[in-house]
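Take a look at the letters that make up each chain.
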Amino acid sequence: PIAGMRLARTGHHAFVVGYGPKQRSLAAHFDASAVTLNVCIGGRFTGGALVFEPEQIAFEQRIGRAFVHRGAHVHRAKPLLSGTRTNLVVWAKRR
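Residues numbered from 1 in each chain as written. Predicted model: local features only at pLDDT ≥ 70, side-chain atom pairs only at ≥ 80, totals over all residues. Heavy atoms only, no water.

1. Some points on the pairing of strand E8 (residues 80-92)
In terms of strand pairing, strand E1 (residues 13-19) meets E8 through seven bridges, oriented antiparallel. The partner of Gly18 across the bridge, within E8, is Thr86. As paired strands, strand E3 (residues 35-47) and E8 are joined by twelve bridges and run antiparallel to one another. Bridged to Val35 within E8 is Ala92. (Pairing = 2+ DSSP bridges. Helix = DSSP H or I, 4+ residues; strand = E, 2+ residues; numbered from the N terminus.)

In structure tokens form, the structure reads like this:
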């Protein structure tokens, strides 16, 4: 479980991802982290759910909603149907 992981005190990486006319979706991938925090921090949008593979479990994005998952869990962002969205992503590495 993620709660039992020993994470490094340094080596975190944070960045912002913008979705809109130029980038409406994100293909299936895994992260270069032990644990990922993904928070929707703004926008007015419809669509763009976060989908975990291979289970095909989809979670709707809402401003302020955070997802925490193992970086190795393959996931993708479905296309936005309208508007723009901004997400803050933080990668934490193992000790």
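2. Re the side chain of Thr36
Tracing the backbone shows Thr36 in strand E3. At 2.8 Å, the side chain of Thr36 and the side chain of Asp31 are in polar contact. In contact with Thr36, not counting residues within four places along its chain, are Asp31, Phe67, Val68, His69, Gly71, Val89, Val90 and Trp91. (Polar contact = N/O pair within 3.5 Å; in protein donor to acceptor, adjacent residues only side chain to side chain. Contact = heavy atoms within 4.5 Å.)

3. What about the packing of aromatic side chains?
Taken as a whole and assessed by the stated rule, the structure comprises three aromatic pairs. With a centroid separation of 5.2 Å and an interplanar angle of 85°, the aromatic rings of Phe15 and Trp91 are classed as edge-to-face. Here Phe15, found in strand E1, pairs with Trp91, found in strand E8; they are 76 residues apart in sequence, far enough to count as distant. Overall, the relative accessible area of 26% leaves Phe15 in the partly exposed class. Aromatic pair Phe52 and Phe59: ring centres 5.9 Å apart, planes at 75°, arrangement edge-to-face. Given a relative accessible area of 8%, Phe52 falls into the buried group. One aromatic cluster in this structure is built from Phe52, Phe59 and Phe67. (Phe/Tyr/Trp six-rings, centres within 6.5 Å; stacked < 30°, edge-to-face > 60°. Buried < 20%, exposed > 50% of the residue type's maximum accessible area, 1.4 Å probe, protein only.)

4. Let's talk about the sheet that holds strand E6 (residues 66-70)
Taken in spatial order, the four strands line up as E1-E8-E3-E6 in an open sheet, and their pairing is antiparallel. Two strands lie at the open edges of the sheet, namely E1 and E6, each paired on one side alone. Neighbour-to-neighbour, the strand axes of the sheet open up by a mean angle of 20°, direction not taken into account. (Axes fitted to C-alpha atoms, helices over the stretch in contact; angles between N-to-C directions.)

5. Describing the pattern of salt bridges
For the structure on display, the rule yields one salt bridge. Measuring nitrogen to oxygen at the nearest pair gives 2.6 Å for the salt bridge that ties Glu53 to Arg76. Within this pair, whereas Glu53 is found in the loop between strand E4 (50-52) and strand E5 (57-59), its partner Arg76 is found in strand E7 (residues 75-77), the two being separated by 23 residues in sequence. Of the residues examined, Glu53 reaches a relative accessible area of 17% and is grouped as buried. (Salt bridge = Lys/Arg side-chain N within 4 Å of Asp/Glu carboxyl O.)

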